[in-house]
Amino acid sequence: MPAHDEPLLTVDDHGRVVEWSVAAEHLFGRPAAHVLGRSVFDVVGATTTRGRSWRIGPLAPESRERTWGVWQERDDDGGGGTGGDENLPGLAEVILDAVFTQADVGLHFLDPQLRVVRVNPSAIGMRGIPLGDIIGLPAMEAYAAMGVRIEESMLREVLVSGEPARDVLVRSRPPTDPEREHIFSVSVYRVRSGAGRTLGLVATTVDVSARERAQARLRLLHRARELIGRTLDVERTAGELVDVTVPDFADSAIVALTDAVLQGRAPELSSHNDELLLRCAAAGSTQGGHPPPPTGSALLPELFGPKLPSTVTILPVSEADGADTDDTPYGPRLVAPLSARGQLLGAVAFERRRGGEPFTSGDVDLAKGITTRAAISLENALRFTREHVVMTALQSWPSGQERQTQRAAEIAQRHRAGGSGAGSWFDALPLPGSRLALVVGKVENPGLSAVATMSRLRTAAQALTTLDLDPHELLARLHSTVLRLAREQKDTQGSTDEPTVHCTIAIHDPVSGRLDAARAGRSMFTIVRPDGTVDTAPLQEGPLLGEEGPPFACTSLVLPEGSTVCLASPAATRAQGPTRGGLAAALAHPDRGPQQMADDVQRLLAPDRVLLVARTRHLPPDELAEWNVPPELQSVGPAREQTQTRLQEWGLDVDPFSAELVVSELVTNAIRYGAPPITLRLIRGETTLTCEIDDAALTAPYPRHAKATDEGGRGLHICATLAKSWGVRFRDDGKTVWAVLDAQTTEPGAG
């Protein structure tokens, strides 16, 4: 056979035509498009090929995929060989005989009654079954002896229709390797004679265990990447690791995490300390007699071998472990660490049933891919947990004491945390003179940075309210604070995202019923009067803190007692509502208490929005005393006497000398340096007495250190020494100087 002589056709291991020459097209009368990929027995079985001499031989023996070439032998005269001996076998028989004797794949020839007629050596070698135990048996019975189950209906369908069945996967444990499950690809073709008579079936079997296992590993790895880490929860991520690997990779899996990880703390560096305490975070098993440990339980170190692994490791099976007895503690085991960025998070142990298929190097590579994905997801979940703890702690900072604010208003607060770190906050802050400051705000761009900014602004707001500033001035100071924080973030962190803040501040005075309010941004601000009238826009929206800055929208209102002030942080978008109509419908029930109204409004708000509802009160007459003071120094004495008389009526246990001296100095200072009208006011508290003096002057008093020879200049210094606290607040028409003294309530007239 000359080297340059091309074969008429080429056949692969499965008997499929893979090449079809032009000479074959002329000889058999079939174009290549109708032949390629079909069984050679279907192609040439019905063609009259007897009387010709054929040669068949392997092509490219060094190739992984073996193929055979078919040549037509030439006559001695060099002709085309059209005469020949009619007794020579046909092409189909030649190919069938060559494939049976030379193919590496398993071949089985079945007669029309589906009995095994011929089996090639490769099939016998793969199955480990003696030839005499197979020949003549029905196919179903012969295959059952090999541990293979093939549907008889499939074979008969091929026999009748002639349509091949290709690449049907069957599983078995052949006698030559009973410990490992093998996967075979079975293809079945019908064989017909030149006269068109059905001769039977040819079944090819190829061991594709390695291919299928590799594909199964890829599918499992893809599934792990899809299913592990869907949530930012440590324990749920550990459970997802178990769900993915049991039973597709192992019969049981135990995920153990360190105490630090389970408690949301920073994990240790990967020291792989054998004494490190690990607790079960998730476990699963398909073995009924081998229950997994309960979640949260401490795990024995021997579960992971002699020491905690630093890489994926197949644990050796000892003789005791390998024995097929009830005392065998473990089947094949594989352990892997869960570590990310040099930090040890925990470990995972996989186990297969006793006597099961051992782990291989391919399983090690797969375990590395899965556990790496799980470790990264656990680290993300841990980072989220730690940030969430910080954000929750910052946003759960307790607000002002209810006992100190309930004299001015009855308050209901709501905050349904959504975990987004929205940076929303509210405060109800007690102020001197029984006044109350209501603050609601939100930092834009949710996250840990927003919550940190919120915490700093909240501290600043609480500090600024002690300066007796009006709401508009408070917002202006907070605006400057936001700008300073933006500069600090840019200088230290390189951040280009400048924080912006929504904030509304309302200060209620229970003496006059006056409500001063200022608004930056679009925080919700609504007022409900006792008659049921709802004002959903008592104040227009203003620029955000950190943007344009002052002036901000502000107003002053005098509210009747029993009015309701409703404040809430804004939604992320205006579309999240609520609408003005829905809000008015929820609030138009002044007969309900603040708690019920807060519940109704909260249902309309998205998570992470805060809500503050305050029902205003006025001080009763028995807690308030006021006198007009003539602008004459002779009025100081009567002021002291009126103060002493009222303290006796109230039964306040306060040092009379201190109270009279403070009142005397405040009145004297107002007469000398202030402007009429002058009003003296006493406010009784549970444990305090507040003395206030109003005048029309806008000059600010300040304490000074008088010389020993000075006759005056010691008034405010005396007040600051005797009083618990003192201060000045300004109005459009004047100022109020106040001082607070400690007091205890006693029975009137006692002592």
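As a further point, take the overall build of the protein chain. Across its full length, the protein chain carries 19 helices and 32 strands. Considering the protein chain as a whole, with its 751 residues, one finds that 49% of them fall into the buried category. By sequence separation, contacts in the protein chain at least 24 residues apart represent 63% of the contacts at least 6 residues apart. For the protein chain, the exposed area adds up to about 35900 Å²; of that, 50% sits on carbon and sulfur atoms.

Once that is clear, we can look at the sheet that holds strand S22 (residues 534-535). The 5 strands are arranged S16-S25-S24-S21-S22 in an open sheet whose pairing can be described as antiparallel. Looking at the sheet topology across the chains shown, the edges are occupied by strand S16 (409-415) and S22. Across 5 bridges, the pairing between strand S24 (residues 564-568) and strand S25 (residues 610-616) is antiparallel. Each residue of the ladder has a partner; that of Leu 567, found in S25, is Leu 612. Against the sheet, helix H15 (residues 580-587) engages strand S21 (524-528), S22 and S24, with an angle of about 40 degrees to S21. The strands touched by helix H16 (residues 594-602) within the sheet are S16, S21, S24 and S25, with S16 carrying the most contacts at an inclination of about 30 degrees.

What follows concerns the packing of aromatic side chains. A complete count under the given rule lists 2 aromatic pairs for this structure. Each ring, one from Phe 249 and one from Phe 350, has its centre 5.1 Å from the other, and the planes form 85 degrees; the classification is edge-to-face. Of this pair, Phe 249 sits in the loop between helix H8 (234-245) and strand S10 (252-258) while Phe 350 sits in strand S15 (residues 343-351), placing them 101 residues apart in sequence. Classification of Phe 350 by relative accessible area gives buried; the value is 2%. On the numbers, 5.5 Å between centres and 40 degrees between planes, the contact of Phe 249 with Phe 359 is tilted. Residue Phe 249 is located in the loop between H8 and S10, and its partner Phe 359 is located in the loop between S15 and helix H11 (361-395); the two are separated by 110 residues in the primary sequence. An identical accessibility class is assigned to Phe 249 and Phe 359; each is buried. Put simply, the rings of Phe 249, Phe 350 and Phe 359 pair up and form one aromatic cluster. In this arrangement the basic side chain of Arg 352 is found over the ring face of Phe 249, its NZ or CZ atom lying 5.5 Å from the centre.

Now for the sheet that holds strand S7 (residues 165-172). As summarised here, the arrangement of the 5 strands in space is S6-S5-S9-S8-S7, forming an open sheet in which the pairing is antiparallel. Looking at strand neighbours, the two that pair on one side only are strand S6 (116-119) and S7, the edges of this open sheet. Averaged over all neighbouring strand pairs, the angle between strand axes comes to 25 degrees, with direction disregarded. Along the sheet, helix H6 (residues 152-161) makes contact with strand S5 (106-110), S7, strand S8 (182-192) and strand S9 (198-207), crossing S8 at roughly 30 degrees.

To continue, consider the nonpolar core. The biggest cluster of nonpolar side chains holds 36 residues, and the ones touching the most others in it are Phe 249, Val 255, Leu 257, Leu 338, Phe 350 and Ile 370. Among the elements of the structure, helix H7 (209-227), H8, S10, strand S12 (278-285), strand S14 (333-340), S15 and H11 are those that each provide at least two residues to this core. Here the element with the most residues in this core is H11; it accounts for 9 residues. Those residues in contact with Leu 257, other than ones at most four positions away along the chain, are Val 234, Leu 262, Leu 277, Leu 278, Arg 279, Ala 281, Leu 338, Leu 345, Gly 346 and Leu 378.

Now for H16. For H16, the set of buried residues is Pro 594, Met 597, Ala 598, Asp 600 and Val 601. Each buried residue of H16 lies within a common arc of 160 degrees when the element is viewed along its axis, so the set occupies one face. The inward-facing, buried residues of H16 contact S16, S21, S24, H15 and S25.

Here the focus is the pairing of strand S2 (residues 17-20). Strand direction decides the pairing type here: strand S1 (residues 9-12) and S2, joined by 3 bridges, are antiparallel. Bridging across to S2, Thr 10 finds its partner in Glu 19.

Val 246 connects to Pro 247 through a cis peptide bond whose omega is 5 degrees. For Pro 247, the location among the structural elements is in the loop between H8 and S10. A cis geometry characterises the amide bond from Pro 676 onward to Pro 677, with omega recorded as 0 degrees. Within the element layout of this structure, Pro 677 appears in the loop between helix H18 (656-673) and strand S28 (678-684). Phi is positive for Asp 468, close to 60 degrees, though the residue is something other than glycine. By the secondary structure assignment, Asp 468 is in the loop between helix H13 (448-465) and helix H14 (471-493). Classification of Asp 468 by relative accessible area gives buried; the value is 9%.

The final tally for this structure, using the stated rule, is 34 salt bridges. Ionic pairing is found between Arg 217 and Asp 363, a salt bridge with its closest N-O pair at 3.4 Å. Highlighted residues: Arg 217 in helix H7 and Asp 363 in helix H11, separated in sequence by 146 residues. One salt bridge connects Arg 279 with Asp 259, and the closest N-O pair in it is separated by 2.8 Å. With Arg 279 in strand S12 and Asp 259 in helix H9 (residues 259-262), the pair connects residues that are 20 residues apart, well separated along the chain. Taking the relative accessible area as the measure of exposure, Arg 279 reaches 27% and is therefore partly exposed. The network of salt bridges with shared partners includes Glu 626, Arg 681, Glu 692, Asp 694, Arg 729, Arg 731 and Asp 733.

Moving on: the environment of Ser 664. Position of Ser 664 among the secondary structure elements: in helix H18. Judged by relative accessible area, which is 10%, Ser 664 ranks as buried. Distance from Ser 664 to Ser 635, taken between C-alpha atoms, is 9.4 Å for residues 29 residues apart in sequence. Among residues more than four places away in sequence, those in contact with Ser 664 are Val 636 and Arg 640.

So, about the side chain of Arg 729. Here Arg 729 shows up in strand S30 (residues 725-731). Only 3.1 Å separates the side chain of Arg 729 from the side chain of Glu 692, close enough to count as a polar contact. Non-local contacts of Arg 729, meaning those with residues more than four positions away in its chain, are made with Pro 432, Arg 435, Asp 468, Glu 692, Lys 735, Thr 736 and Trp 738.

Looking now at the environment of Leu 722. Considering the arrangement of structural elements, one finds Leu 722 in helix H19 (residues 715-722). Assessed through its relative accessible area of 32%, Leu 722 is described here as partly exposed. For Leu 722 and Val 740, which are 18 residues apart along the polypeptide, the C-alpha to C-alpha distance reads 9.2 Å. The contacts of Leu 722, once residues within four sequence positions are left out, are Ser 658, Leu 661 and Val 662.

Turning next to the confidence of the model for the protein chain. In this model, the protein chain carries a mean pLDDT of 81, and residues with pLDDT of at least 70 account for 82%. Across residues 76-88 the pLDDT falls below 50, and counting only partners more than four positions away or on other chains, this stretch makes 16 contacts in the model. A low-confidence stretch, residues 319-326 (pLDDT under 50), is modelled with 9 contacts involving residues beyond four sequence positions or located in other chains.

Scoring rules and cut-offs
- Residues numbered from 1 in each chain as written.
- Predicted model: local features only at pLDDT ≥ 70, side-chain atom pairs only at ≥ 80, totals over all residues.
- Heavy atoms only, no water.
- Helix = DSSP H or I, 4+ residues; strand = E, 2+ residues; numbered from the N terminus.
- Buried < 20%, exposed > 50% of the residue type's maximum accessible area, 1.4 Å probe, protein only.
- Contact = heavy atoms within 4.5 Å.
- Areas by Shrake-Rupley, 256 points an atom, 1.4 Å probe, with all protein chains shown as cover.
- Pairing = 2+ DSSP bridges.
- Axes fitted to C-alpha atoms, helices over the stretch in contact; angles between N-to-C directions.
- Phe/Tyr/Trp six-rings, centres within 6.5 Å; stacked < 30°, edge-to-face > 60°.
- Lys NZ or Arg CZ within 6 Å of the ring centre and 35° of its normal.
- Core = buried A, V, L, I, M, F, W, Y, C linked by side-chain atoms within 4.5 Å.
- Arc of directions from axis to C-beta.
- Salt bridge = Lys/Arg side-chain N within 4 Å of Asp/Glu carboxyl O.
- Polar contact = N/O pair within 3.5 Å; in protein donor to acceptor, adjacent residues only side chain to side chain.
- pLDDT = per-residue confidence, 0-100.

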